[in-house]
Amino acid sequence: MENSISSRLAHAWNAFFNRDPTYRPDYGGYSYQPFRTRLRNGNEKSIVSSVFTRIAIDCSQIDIRHVKLDENGRYLSEINSGLNNCLTLEANIDQTGRQLKKDIVMSLLDEGVVAIVPTDTKLDPTTNGSIDIEKLRTGKIVEWYPEHVRVNLYNEKTGRHEDVTLPKSMVAIVENPLYEIINQPNSTLQRLIRKLNLLDVIDEQSGAGKLDMIIQLPYVIKSDARREQAEKRRKDIEMQLAGSKYGIAYTDGTEKITQLNRSVDNNLMNQIEYLTNMLYSQLGITQAVMDGTADEKVMLNYYNRSIEPIVAAITDEFKRKFLTKTARTQKQSIKYFRDPFNLVPVNDIAEIADKFTRNEILTSNEIRQIIGMKPSSDPKADELVNSNISQSNAEVEERLNGGRADETNSEFSGEEPTI
């Protein structure tokens, strides 16, 4: 028997007990994920990191698929290929398809350009035009050549980042469509980063524990002797403050102390607020988008101005590099799909479902799938029929018999069926 005690003992496995053979890699391990995308120092210490993360998460929620098109260029079916598996399920041993898309967008926004490399294929892509991609990874382009690029890529076999030179024809090179806003040296984002760095410097200076005092002594400091006497007096006050439990020092009645440790009025914060608002407007982002309180119209504008150009650039490059001319002739393509019901409130679902089923756009089971319910077993739930209009017996019989009702009626009436 398959479930007998002997069979269970022979095929059982435990991660802690079955340690033979012992895994001994030839290289050291890591206390963090070595393949994870890390932003540059200027980007990870400011609000830029939160903006990049928001855009990357929203882009990763859009489905990108390897599909088959009809004669009119419309979506017909999904192709079960290695590339489609990378985009929807498993990109590599470390990342899912959604994590790969998030990695692509984060690298794209941080560096301005990203390389998506097919690391494992069934055929050699340098000698064969038609390949079946099994794994995809993102890499940083470190050198550009006329027909090749040198990419810093994570090698999952060794656990290290390595530089490899690959032809441009097999590497999807995606450039940030918002490059002039985000990555250009004098762009709005880079100016904002410089202002934020200045603000950090001022904050460190104000929190350094300095008193910033000026001591006015009761004599004129012009000679070297008076200067040495003043220096000695300054050090004496420093020692009193440093050695006191509560930071208290005494001075002579003729000495005058001026405190400079007060906020200096500058327009740095005003400039930062101005650049932040300008960046949000150029990216199509609002504060409501960042905190999740934006309505449907604001989100639609955000998707059209920020998300759609990035996703379209990725899919166009995939289609150009990963699909051969023969595949495109066979009506294969790379398409992206966004669920239009994600932003619809629950109160509007009923009205939308009624309009879509009444106009025979979606079936009842497709509506049930959108709202998270299991499909109905009723055959009518899979048909594009307006349930608000009563169907005649002939139409019902024709639908059930697959179009044979007319022939049956013509036989009973003694007429020949019309062809």
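Structural data are supplied above this passage.
Keep in mind it's a predicted model, so treat the numbers as computed, not measured. (Residues numbered from 1 in each chain as written. Predicted model: local features only at pLDDT ≥ 70, side-chain atom pairs only at ≥ 80, totals over all residues. Heavy atoms only, no water.)

K.L.:
Please give an account of the overall build of the protein that cites residues and values.
P.N.:
Summing up its helical and strand segments, the protein has 16 helices and 10 strands in all. Taking as baseline every contact in the protein between residues at least 6 positions apart, the subset at least 24 positions apart corresponds to 56%. Of the roughly 27700 Å² that the protein leaves accessible, carbon and sulfur atoms contribute 50%. (Helix = DSSP H or I, 4+ residues; strand = E, 2+ residues; numbered from the N terminus. Contact = heavy atoms within 4.5 Å. Areas by Shrake-Rupley, 256 points an atom, 1.4 Å probe, with all protein chains shown as cover.)

K.L.:
Hey, could you go over the sheet that holds strand S2 (residues 75–78) for me, with residue numbers and the actual values?
P.N.:
Spatially, S2-S1-S10 is the arrangement adopted by the 3 strands of the open sheet, whose pairing is antiparallel. A single partner strand is all that each edge strand has here, and the edge strands are S2 and strand S10 (332–337). Neighbouring strand axes in the sheet, compared pairwise and without regard to direction, differ in orientation by 55° on average. Pairing of strand S1 (residues 63–69) with S10, which is carried by 6 bridges, proceeds in the antiparallel orientation. Within S10, the position partnered with Lys68 by the bridge is Gln332. The strands touched by helix H11 (residues 296–322) are S1 and S10; relative to S10, the strand with the most contacts, the crossing angle is about 165°. (Pairing = 2+ DSSP bridges. Axes fitted to C-alpha atoms, helices over the stretch in contact; angles between N-to-C directions.)

K.L.:
Could you give me a rundown of the packing of helix H3 (residues 48–60) against helix H5 (residues 97–111), with the residues and numbers involved?
P.N.:
Axes are the key here: two packed helices are described by the angle between their axes and the distance separating the axes. Running from N to C, H3 and H5 cross one another at 140°; their axes reach a closest spacing of 8 Å. Of the possible angle classes, the one that applies to H3 and H5 is oblique. As H3 runs across H5, the sense of the crossing is right-handed. Along its contact with H3, which presents Phe52, Thr53, Ile55, Ala56, Ile57, Cys59 and Ser60, the element H5 presents Arg98, Lys101, Lys102, Val105, Met106, Leu109 and Asp110. Among the residues forming the contact of H3 with H5, the class breakdown is 8 nonpolar, 2 polar and 4 charged. (Parallel < 35°, antiparallel > 145°, perpendicular 65-115°, else oblique. Left-handed = near helix turned anticlockwise from the far one by under 90°. Nonpolar A, V, L, I, M, F, W, Y, C, P; charged D, E, K, R; others polar.)

K.L.:
How would you sum up the sheet that holds strand S3 (residues 113–121)? Please name residues and give values.
P.N.:
One open sheet accounts for 5 strands, arranged S6-S5-S4-S3-S7; its pairing is antiparallel. Strand pairing shows two members of the sheet lacking a second neighbour, strand S6 (160–167) and strand S7 (172–175), which therefore form its edges. Direction aside, the axes of adjacent strands within the sheet are offset by 35° on average. Alignment of strand S4 (residues 133–144) against strand S5 (residues 148–155), held across 4 bridges, turns out to be antiparallel. Across the sheet, Lys140 pairs through a bridge with Asn152, a residue of S5. Along the sheet, H11 contacts S3, S4 and S7; its crossing angle with S7, the most-contacted strand, is approximately 155°.

K.L.:
Explain unusual backbone geometry to me, and be specific about the residues and the numbers.
P.N.:
Of note, Lys331 is a non-glycine position whose phi angle comes to about 70°, a positive value. Considering the arrangement of structural elements, one finds Lys331 in the loop between helix H12 (325–329) and S10. Exposure remark for Lys331: the relative accessible area of 31% places this residue in the partly exposed category. In this structure, Glu360 takes a positive phi of about 60° despite not being glycine. (Buried < 20%, exposed > 50% of the residue type's maximum accessible area, 1.4 Å probe, protein only.)

K.L.:
I'd love a proper account of the pairing of S5, names of residues and values included.
P.N.:
Connecting the antiparallel pair S4 and S5 is a turn made up of 3 residues. Two elements, S5 and S6, share 8 bridges in a ladder whose sense is antiparallel. Opposite Tyr154, over in S6, you have His161 as the bridge partner. The loop that links S5 with its antiparallel partner S6 comprises 4 residues; one of these, Gly159, has a positive phi angle of about 75°.

K.L.:
Which residues make up the packing of aromatic side chains, and what values do they have?
P.N.:
Enumeration according to the criterion identifies 4 aromatic pairs in this entry. Measuring from ring centre to ring centre gives 5.2 Å for Phe318 and Phe322, while their planes differ by 35°; the resulting arrangement is tilted. One end of the pair, Phe318, and the other, Phe322, are both in helix H11, 4 residues apart, so they sit about a helical turn from each other. You can call Phe318 buried: its relative accessible area is 1%. Just above the ring of Tyr219 sits the side chain of Arg226; from NZ or CZ to the centre is 4.5 Å. Of note, Arg338 hangs over the ring of Tyr303, and the distance from its end group to the ring centre comes to 4.5 Å. (Phe/Tyr/Trp six-rings, centres within 6.5 Å; stacked < 30°, edge-to-face > 60°. Lys NZ or Arg CZ within 6 Å of the ring centre and 35° of its normal.)

K.L.:
So what about helix H8 (residues 224–243)? Which residues, and what values?
P.N.:
With 20 residues, H8 extends 28 Å between its outermost C-alpha atoms, agreeing within 8% with the 28 Å of an ideal straight helix rising 1.5 Å per residue. Within H8, burial applies to Ala230, Arg233, Ile237 and Gln240. In a view along the axis of H8, the buried residues occupy a sector of 85°, so they form one face of it. Turned more than 90 degrees away from the buried face of H8 sit Asp224, Ala225, Glu228, Lys232, Met239, Ala242 and Gly243, all of them exposed. Tucked inside the fold, the buried residues of H8 contact strand S8 (213–216). (Expected span 1.5 Å × (residues − 1). Arc of directions from axis to C-beta.)

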